[in-house]
Amino acid sequence: MQDKNKEKAILVGCQLQDKDDRFEYSMTELDSLVSTAKGETIATLTQKQERLHPATYIGKGKLEELHQLEEEFEADLIIFNDELTPSQLRNIQNSLNARVLDRTQLILDIFAQRARSKEGKLQVEYAQLQYLLPRLAGQGIALSRLGGGIGTRGPGETQLETDRRHIRRRINEIKKTITASC
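None of the values given here were measured: they were computed from a predicted structure. (Residues numbered from 1 in each chain as written. Predicted model: local features only at pLDDT ≥ 70, side-chain atom pairs only at ≥ 80, totals over all residues. Heavy atoms only, no water.)

K.L.:
How should the packing of aromatic side chains be read in this particular structure?
P.N.:
A ring pair, where both rings are aromatic, is described by two values, the distance of the centres and the angle of the planes. If you walk through the whole model with that rule in mind, you get 1 aromatic pair. Just above the ring of Tyr-131 sits the side chain of Arg-135; from NZ or CZ to the centre is 3.8 Å. (Phe/Tyr/Trp six-rings, centres within 6.5 Å; stacked < 30°, edge-to-face > 60°. Lys NZ or Arg CZ within 6 Å of the ring centre and 35° of its normal.)

The structure is reproduced here in structure tokens:
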């Protein structure tokens, strides 16, 4: 029976031939992490490969199969068993409708749920921002703001650049706060 308050997750993992012995344990652990994060695993998709696909982690056929599973089960989340590169994350998100997370994001979310002290919350936010920074994706010129007036005409600052600047500023604020409290 499915709990309506829990987010429905599909787990995805690649079994590499040279790391065969720990794969099943790792997938079981990922399922436990989903439960800890108050989610529910509704399906698991695995693939055996010699190496991870550089653009999408899993092959094209498996990505299509994942999209079908996502629609069939009306999944809220797709969670990958490894850390995805920024380009893999972006490519996968472009192919799916549900939110895409990797193992690291899931663990950071669990820490965020459980942090109680102000310092603990700041440390988790710091880790999340450090993780997010290289994964920001923007639409480039489509999101840019035009400058007005003499000497400011041109593409201006893109939303992506603005977001990165704000994240870096927040990271520096958190560093100072954590250092001051030590």
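K.L.:
Honestly, the layout of surface pockets in this entry has me stumped. Any pointers?
P.N.:
Any space left empty among the atoms is revealed by the rolling of a water-sized probe across them. As a volume, the largest pocket reaches approximately 340 Å³. Lining of the largest pocket is provided by 18 residues; of these, Arg-99, Leu-101, Gln-105, Leu-106 and Asp-109 occupy positions nearest its centre. The element that contributes the greatest number of residues to the lining of the largest pocket is helix α4 (residues 103-114), accounting for 4 residues. A breakdown of the residues in the lining of the largest pocket according to their chemical character gives 9 nonpolar, 4 polar and 5 charged. (1 Å grid on protein atoms, 1.4 Å probe; cavity = no way out; pocket = protein on both sides within 12 Å on 5 of 7 lines; lining within 4 Å. Points joined across faces, edges and corners; volume = space filled by probe spheres on them. Helix = DSSP H or I, 4+ residues; strand = E, 2+ residues; numbered from the N terminus. Nonpolar A, V, L, I, M, F, W, Y, C, P; charged D, E, K, R; others polar.)

K.L.:
I'm lost on the pattern of salt bridges in this one. Help?
P.N.:
Pairing between side chains of opposite charge can happen when their charged atoms approach one another. Counting across every chain of the model gives 6 salt bridges. For the salt bridge of Arg-99 with Glu-7, the shortest nitrogen-to-oxygen distance reads 2.3 Å. On the criterion of sequence distance, the pair formed by Arg-99 in strand β4 (residues 99-102) and Glu-7 in strand β1 (residues 7-16) is long-range, its members being 92 residues apart. The class of Glu-7 is partly exposed, set by a relative accessible area of 34%. Residues Glu-65 and Lys-62 are paired through a salt bridge, measuring 3.4 Å at the closest nitrogen-oxygen approach. (Salt bridge = Lys/Arg side-chain N within 4 Å of Asp/Glu carboxyl O. Buried < 20%, exposed > 50% of the residue type's maximum accessible area, 1.4 Å probe, protein only.)

K.L.:
Teacher, can you tell me more about unusual backbone geometry here?
P.N.:
Look at Tyr-57: it is not a glycine, yet its phi comes out positive at around 70°. The class of Tyr-57 is buried, set by a relative accessible area of 0%. With phi around 50°, Glu-74 is a residue other than glycine that occupies positive phi space. Its place among the elements puts Glu-74 in the loop between α2 (60-73) and β3 (77-80).

K.L.:
Can you help me understand the environment of Leu-66 in this one?
P.N.:
Along the chain, Leu-66 falls in helix α2. In sequence terms Leu-66 and Val-12 are 54 residues apart; their C-alpha atoms lie 8.5 Å from each other. For Leu-66, the contacting residues outside a window of four places in its chain are Ile-10, Val-12, Leu-45, Ile-58, Ile-78, Phe-80 and Leu-96. (Contact = heavy atoms within 4.5 Å.)

K.L.:
What is the right way to look at a positive patch on the surface in this model?
P.N.:
A contiguous patch of positive charge, built from Lys-38, Arg-114, Arg-116 and Lys-121, is present on the exposed surface. Tracing the backbone shows Lys-121 in helix α5 (residues 118-132). (Patch = residues over 30% accessible without salt bridge, like charges linked within 9 Å, V, L, I, M, F, W, Y side chains within 5 Å. Areas by Shrake-Rupley, 256 points an atom, 1.4 Å probe, with all protein chains shown as cover. Lys, Arg positive; Asp, Glu negative; His and termini not counted. Charge placed at Lys NZ, Arg CZ, Asp CG, Glu CD.)

K.L.:
Can you help me understand the packing of helix α1 (residues 23-36) against α4 in this one?
P.N.:
Two quantities define a packed helix pair, namely the angle between the helix axes and the distance between the axes. Closest axis-to-axis distance for the α1/α4 pair is 10 Å, and the angle between their directions is 35°. For the element pair α1 and α4, the recorded crossing hand is left-handed. Where α1 abuts α4, its residues Ser-26, Glu-29, Leu-30, Leu-33, Val-34 and Thr-36 lie against Arg-103, Leu-106, Ile-107, Ile-110, Gln-113 and Arg-114. (Axes fitted to C-alpha atoms, helices over the stretch in contact; angles between N-to-C directions. Left-handed = near helix turned anticlockwise from the far one by under 90°.)

K.L.:
Looking at this structure, I do not really get the sheet that holds β1. What am I missing?
P.N.:
Across a sheet, strands are paired by hydrogen bonds formed along the backbone, either parallel or antiparallel in direction. Spatial ordering of the open sheet is given by β2-β1-β3-β4, a layout of 4 strands whose pairing is parallel. Whereas interior strands pair on both sides, the edge strands pair on one side only; in this sheet they are β2 (39-49) and β4. The average undirected angle you get between the axes of adjacent strands in this sheet is 20°. In this sheet, β3 lies alongside β1 in parallel orientation, the contact comprising 4 bridges. (Pairing = 2+ DSSP bridges.)

K.L.:
It is not clear to me how the environment of Leu-133 should be interpreted in this structure. Could you clarify?
P.N.:
Secondary-structure assignment places Leu-133 in the loop between α5 and α6 (159-181). Overall, Leu-133 belongs to the buried group, its relative accessible area being 13%. Spatially, the C-alpha atoms of Leu-133 and Asp-163 are 8.8 Å apart, while their sequence positions differ by 30 residues.

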